[in-house]
Amino acid sequence: MQEIVMPGEPLAVEEEALPLQGAYIDEKGLVRSQVFGLKVFDRYKKQVYVRQVKNIELIKPGTIVEAYVEAVTDELAFLKIYSVEGQRVEASGIIHVSQASNEFMQSLLGAIRPGDFVKAKVLNNSIPYQLTIKEPGLGVIEAYCSVCGSLIYKSNDKLVCNTCGNIEKRKISLNYIYVSR
């Protein structure tokens, strides 16, 4: 599988590969990406380059996307956007704590966690895309237990793990996939 890279991300060390289009060598000898796109590493020719992604023009302000939450801090969540209205894309997004709820939140971890899948709305037209999950139809659509890693099910306004009994709170979308009966 090819890897999406952002400008400045390391691709290799200069001893491993010669940088081609979309890549450069920094002062420390790291080959880095100049553009957003797909990393292409040819081990036989010892070359690395970045193929710019074309499908990101589908992502516009107001568009609803689905994304995977890679990391979360108190103030920011970092996401990989994988779908725009059913079409596969690869792009990066961020959610600021102010875009998770209409009410004050101390930490974004009260709304989303790493490993969650979310439905979000795009707010801007540049990378990384700024996303919001404030609206009722937006938020977590699939989540896993932070204790045991099992799939967790929606029960009223909470998420419950049927394996270990852990109860978690998230900003749950009206479209959450797994609902307890």
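The structure this text deals with has already been given above.
Here goes a summary of the coordinates provided. (Residues numbered from 1 in each chain as written. Predicted model: local features only at pLDDT ≥ 70, side-chain atom pairs only at ≥ 80, totals over all residues. Heavy atoms only, no water.)

1. Here's the deal with unusual backbone geometry
Thought 1: Across the junction of Ile 127 and Pro 128, the peptide omega takes the value -5°, indicating a cis bond.
Thought 2: Mapping Pro 128 onto the fold places it in the loop between strand S11 (117-122) and strand S12 (129-132).
Thought 3: Phi is positive for Lys 46, which is not a glycine, with a value near 55°.
Thought 4: By the secondary structure assignment, Lys 46 is in the loop between strand S6 (37-42) and strand S7 (47-52). (Helix = DSSP H or I, 4+ residues; strand = E, 2+ residues; numbered from the N terminus.)

2. Let's talk about the sheet that holds strand S15 (residues 158-161)
Thought 1: One open sheet accounts for three strands, arranged S14-S15-S16; its pairing is antiparallel. Bordering the open sheet on either side are strand S14 (152-155) and strand S16 (167-168), each of which pairs with just one other strand. (Pairing = 2+ DSSP bridges.)

3. Considerations on the sheet that holds strand S2 (residues 10-13)
In a beta sheet, neighbouring strands pair by backbone hydrogen bonds and run either parallel or antiparallel.
Thought 1: Strand order in the open sheet made by the three strands is S2-S5-S4, with antiparallel pairing throughout. Two strands close off the open sheet at either side, each with one partner strand: S2 and strand S4 (23-25). Within the sheet, the average angular offset between the axes of one strand and its neighbour, ignoring direction, is 25°.
Thought 2: Alignment of S2 against strand S5 (residues 30-33), held across three bridges, turns out to be antiparallel. For Val 13, the partnering residue across the bridge sits in S5 and is Leu 30. (Axes fitted to C-alpha atoms, helices over the stretch in contact; angles between N-to-C directions.)

4. Considering the environment of Ser 126
Thought 1: Mapped onto the elements, Ser 126 comes out in the loop between S11 and S12.
Thought 2: Taking the C-alpha atoms as reference, Ser 126 lies 9.6 Å from Gly 93; in sequence the two are 33 residues apart.
Thought 3: In this structure the side chain of Ser 126 is engaged in a polar contact, spanning 3.2 Å, whose partner is the side chain of Asn 124. (Polar contact = N/O pair within 3.5 Å; in protein donor to acceptor, adjacent residues only side chain to side chain.)

5. Some thoughts on the packing of aromatic side chains
Thought 1: For the structure on display, the rule yields three aromatic pairs.
Thought 2: Plain terms: the ring middles of Tyr 153 and Tyr 178 are 5.9 Å apart, the flat faces sit at 75° to each other, and that makes the pair edge-to-face. With Tyr 153 in strand S14 and Tyr 178 in the segment after S16, this pair connects stretches of sequence that are 25 residues apart.
Thought 3: Taking the relative accessible area as the measure of exposure, Tyr 178 reaches 29% and is therefore partly exposed. (Phe/Tyr/Trp six-rings, centres within 6.5 Å; stacked < 30°, edge-to-face > 60°. Buried < 20%, exposed > 50% of the residue type's maximum accessible area, 1.4 Å probe, protein only.)

6. Considering the environment of Gln 21
Thought 1: Residue position: Gln 21 is located in the loop between strand S3 (18-19) and S4.
Thought 2: By relative accessible area, Gln 21 is classed as exposed at 55%.
Thought 3: As for Gln 21 and Val 5, which are separated by 16 residues in sequence, their C-alpha atoms are 14 Å apart.
Thought 4: When residues no more than four places from it in sequence are discounted, the contact partners of Gln 21 are Tyr 49 and Val 50. (Contact = heavy atoms within 4.5 Å.)

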